[in-house]
2 protein chains.
Amino acid sequence: MPYVMVQIPRSPAPASPSGSSVPTSADVARLAGVSRATVSYVLNNTSAVRISEPTRRRVHEAAKELGYVPHAAARSLRAGHSRMVLMPAPTIPVGPLYSQFLSELQGALGRLDYTVVQYGTAGVHGDEAARAWAELRPVAVLVPGSGLGPQGVAVLKRSGARAVVTLGPGTVDGAHALLMDHAAVGRAAAAHLYARGGRRIGVVVPEEPGLEVFSRPRLHGVRHALRGTDATVTELPLAYDEEAAARLAGRWRSLGLDAVFAYNDEYAMLLMRALKDDGVRVPGETAVIGADDLMLGRLLRPRLSTVHIELPSGRDLAELVDRAVRNPTAPPERREVLGASVVARDST
Amino acid sequence: MPYVMVQIPRSPAPASPSGSSVPTSADVARLAGVSRATVSYVLNNTSAVRISEPTRRRVHEAAKELGYVPHAAARSLRAGHSRMVLMPAPTIPVGPLYSQFLSELQGALGRLDYTVVQYGTAGVHGDEAARAWAELRPVAVLVPGSGLGPQGVAVLKRSGARAVVTLGPGTVDGAHALLMDHAAVGRAAAAHLYARGGRRIGVVVPEEPGLEVFSRPRLHGVRHALRGTDATVTELPLAYDEEAAARLAGRWRSLGLDAVFAYNDEYAMLLMRALKDDGVRVPGETAVIGADDLMLGRLLRPRLSTVHIELPSGRDLAELVDRAVRNPTAPPERREVLGASVVARDST
């Protein structure tokens, strides 16, 4: 492996509580009685140069004694890139499904020796955000949602990212695409409700901001599945609180709906409780289906029917990122990864 | 503000799909017809040097045309530190409460012009992790949990972190401490159950790994609150699935418990369902209390009693971080931030 040795400027000492300055590799070299180059070889684990065990040990001990830590930045300036996989941090609180997915992905990339960094870009979007991400010189970028455009991809690549992968409804020029089409969730729910006899079908649309990215495609999926049939679709805006659910339940009979897709299991539980309290029989008068297949839905009576959503496994995604990093000139991959299947229980 | 100008070495060009190299500030300077120093002044928004508007515009246009992005690493090498607040990413899927807290904190720090970076350190713990974090040269580090020791704090400070803040059960030398004592949750639950007549009190301890950090102090809190009374405490290991809950419910009457603190609302919902299915009356035979005050608990019948947990607001915490960064020589602050209060509903 060729190794490029570059002089890293000594950074000015920031104020530190003890008044002492930040130790540098020069300090380590002095204490260990070796050259700065040797310090760099040892601490960066370079295999190109043979260094004796005792010398290695001396350098490690000196670094430990001084509390010296190599600067990732300097290291990435030398190497041209880092082992950092950057993901924008979610801007809204995440649900259990996504939280689980993130944990898995992080573990899987960690086992491949990458470090996952979630970058909080509150208030900055799309290609503007891409510029901020690029400043950290990640080797790969994973972008959920649909904010990034081809310009953002280009900025990231020009600043050294070997792979840009989007997870969302569409493709972006220059990036690998893991297609997560939430319309499939709506289609599955609608087909199930229709098959069970539903003809006047309600679709809950959460009023909480940030959820449109999921709720819109789910609604479109319902409309799409029912196009050309004798069924009607009624949008039901709903806030996630008991009062809002009670109000909706209060006018339920005037709506004349015989089935409802409640966005997800949490909204379904909220709505089912309100319907029950108003004496609306589920599924007798109205069938109810959620999505996400949460364990809690099984605890309800009637047990909640739901759409089980299959996300890519953390390991699959980590392997795709690794392949893309190793082979940055490969043409963008494009893969459907969201699976949606109905789990029919007692509420439909 | 004094400004230190340091030559940043040109990084070797990584392989990029187009075969072109990463644009540097020298390329921007050439295209704009200005010096590299001017490019740096303009793109880093330095106020120490007066630069005409047309020149500024020329630099910005050239940077845009070339797709040049400053290297955060290089910038932090110059400045001695970054505006990055680093948090270790949670290693287990997070619940709704913590997810909400993270979102708020991120937004609040963003408004103070910090960038929150969640760093995934799968498999690396304590002071070893601190070394990895230090490589990114964050200006502040926020550490939930209890893994970090005084050595880790020292490593972070020596590498330029102006503030280290722990969020957890104890204090660590050299770090600010936001004390989040989950024993308070257990104490509140136990005092409530005892006041309602509970004398043989069960405490659910989740079997899922990673939750001990919460479940242990909650259990200790229960024991502590009941010390010296006539009540007994029984530990109830429980996995988060229906079969495990059914098994526990099946031997419920042989346990002879008249009250149970079910760790949190989700385990409480699981257990209440299983007890109901087995004909155990709640609260008649056994009172049940959860924790977290989730909305779903209100939807159950009987409505679930719970311990409401007050976390520090994202804004308060962001302001504490900012104060600490501005004043790195101030003595470590120490503050109790977790509040626990019982919300009594119908299950106790």
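Check the entry above for the structure.
All values reported here derive from a predicted model rather than from experimental measurement. (Residues numbered from 1 in each chain as written. Chains lettered and ligands numbered in written order. Predicted model: local features only at pLDDT ≥ 70, side-chain atom pairs only at ≥ 80, totals over all residues. Heavy atoms only, no water.)

Undergrad: Which residues make up the overall build of chain A, and what values do they have?
TA: Counting secondary structure elements, chain A contains 14 helices and 12 strands. Going through the 348 residues of chain A one by one, you find that 55% of them count as buried. Residue pairs in contact within chain A that sit at least 24 positions apart in sequence constitute 70% of those at least 6 positions apart. Surface accessibility of chain A: about 14,700 Å² in total, with carbon and sulfur atoms responsible for 51%. (Helix = DSSP H or I, 4+ residues; strand = E, 2+ residues; numbered from the N terminus. Buried < 20%, exposed > 50% of the residue type's maximum accessible area, 1.4 Å probe, protein only. Contact = heavy atoms within 4.5 Å. Areas by Shrake-Rupley, 256 points an atom, 1.4 Å probe, with all protein chains shown as cover.)

Undergrad: Account for the packing of helix α5 (residues 96–111) of chain A against helix α14 (residues 314–326) of chain A, with residues named and values stated.
TA: Two quantities define a packed helix pair, namely the angle between the axes and the distance from one axis to the other. Residue and element names in this part refer to chain A. It is at 8 Å that the axes of α5 and α14 come closest, and there the two elements cross at 45°. With respect to each other, α5 and α14 are oriented oblique. Once α5 is placed against α14, the crossing between them reads as right-handed. Of the residues in α14, those touching α5 at F101, E104, L105, A108 and L109 are G314, R315, L317, A318 and V321. Partitioned by chemical class, the residues of the contact of α5 with α14 number seven nonpolar, one polar and two charged. (Axes fitted to C-alpha atoms, helices over the stretch in contact; angles between N-to-C directions. Parallel < 35°, antiparallel > 145°, perpendicular 65-115°, else oblique. Left-handed = near helix turned anticlockwise from the far one by under 90°. Nonpolar A, V, L, I, M, F, W, Y, C, P; charged D, E, K, R; others polar.)

Undergrad: I'd like a rundown of unusual backbone geometry, residues and numbers included.
TA: Residue and element names in this part refer to chain B. With an omega dihedral of 5°, the bond running from V282 to P283 counts as a cis peptide bond. Examined against the element boundaries, P283 turns out to sit in the loop between α12 (265–277) and β9 (287–289). In this model, R301 is joined to P302 through a cis peptide bond whose omega is 0°. Even without being glycine, D113 reaches a positive phi, approximately 75°. Assignment of secondary structure puts D113 in the loop between α5 (96–111) and β2 (115–119). With relative accessibility at 55%, the residue D113 sits in the exposed group. Non-glycine residue Y263 carries a positive phi angle of around 75°.

Undergrad: Explain the sheet that holds strand β8 (residues 259–261) of chain B to me, using residue names and the numbers behind them.
TA: Residues and elements named next belong to chain B. Spatial strand order, β7-β6-β8-β9: four strands in an open sheet with parallel pairing. Taken across any chain shown, the strands that pair with only one partner, and hence form the sheet edges, are β7 (232–238) and β9. Averaged over all pairs of adjacent strands, the angle between strand axes in this sheet comes to 20°, irrespective of strand direction. The pairing of β8 with β9 spans three bridges and is classified as parallel. (Pairing = 2+ DSSP bridges.)

Undergrad: A description of the nonpolar core should follow, citing residues and the corresponding values.
TA: For soluble globular proteins, the rule of thumb is that nonpolar side chains tend to be buried together. Formed by 64 residues in total, the largest nonpolar core has its most connected members in V204(A), W252(A), V288(A), V204(B), W252(B) and V288(B). What V288(A) contacts, discounting residues up to four positions off in sequence, is V260(A), A262(A), A268(A), M272(A), L275(A), V282(A), L304(A), S305(A), S347(A) and T348(A). (Core = buried A, V, L, I, M, F, W, Y, C linked by side-chain atoms within 4.5 Å.)

Undergrad: Can you tell me about the environment of W252(B), naming the residues and giving the values?
TA: Residue and element names in this part refer to chain B. The residue W252 is located in helix α11 (residues 252–255) in this model. Given the relative accessible area of 2%, W252 is considered buried. The sequence separation of W252 and V280 amounts to 28 residues, and the corresponding C-alpha distance is 8.3 Å. Excluding its chain neighbours within four sequence positions, the residues that come into contact with W252 are L236, L257, V260, L271, L275, V280 and T286. For W252, the side chain forms a polar contact with the side chain of T286, separated by 2.9 Å. (Polar contact = N/O pair within 3.5 Å; in protein donor to acceptor, adjacent residues only side chain to side chain.)

Undergrad: A description of the sheet that holds strand β4 (residues 163–168) of chain B should follow, citing residues and the corresponding values.
TA: Judged by pairing direction, the sheet is mixed, and its 12 strands sit side by side in the order β11(A)-β5(A)-β4(A)-β3(A)-β1(A)-β2(A)-β2(B)-β1(B)-β3(B)-β4(B)-β5(B)-β11(B) without closing on themselves. Across the chains shown, the open sheet's two edge strands, defined by having one partner strand only, are β11 (334–336) of chain A together with β11 (334–336) of chain B. Taken over all neighbouring pairs, the strand axes of this sheet differ in orientation by 20° on average, direction set aside. The pairing of strand β4 (residues 163–168) of chain A with strand β5 (residues 176–179) of chain A spans four bridges and is parallel. If you follow G168(A) over to β5(A), its bridge partner there is L179(A).

Undergrad: Talk me through the packing of helix α10 (residues 242–250) of chain A against helix α12 (residues 265–277) of chain A; I want residue IDs and the actual numbers.
TA: Residue and element names in this part refer to chain A. Two elements in contact, α10 and α12, have axes whose closest approach is 8 Å; the angle formed by their N-to-C orientations is 55°. Overall, the two elements α10 and α12 adopt an arrangement that is oblique. In this structure, α10 crosses over α12, and the sense of that crossing is right-handed. For the pair formed by α10 and α12, the contact residues are E242, A245, A246, L248 and A249 on the first element and L270, L271, A274 and L275 on the second. Partitioning the contact of α10 with α12 into residue classes produces eight nonpolar, no polar and one charged.

Undergrad: Provide a residue-level description of the packing of aromatic side chains, including the pertinent values.
TA: In this structure the tally under the stated criterion is four aromatic pairs over all chains. Between the aromatic rings of Y240(B) and Y267(B), the centroid separation amounts to 5.1 Å while the plane-to-plane angle is 50°, which identifies the pairing as tilted. Of this pair, Y240(B) sits in the loop between β7 and α10 (242–250) while Y267(B) sits in helix α12; the two residues are 27 residues apart in sequence, bridging distant segments of the chain. Assessed through its relative accessible area of 24%, Y240(B) is described here as partly exposed. One aromatic cluster is present, built from ring pairs that chain together Y240(A), Y263(A) and Y267(A). Directly above the ring of Y114(A) sits R83(A), whose terminal nitrogen or CZ lies 4.0 Å from the centroid. (Phe/Tyr/Trp six-rings, centres within 6.5 Å; stacked < 30°, edge-to-face > 60°. Lys NZ or Arg CZ within 6 Å of the ring centre and 35° of its normal.)

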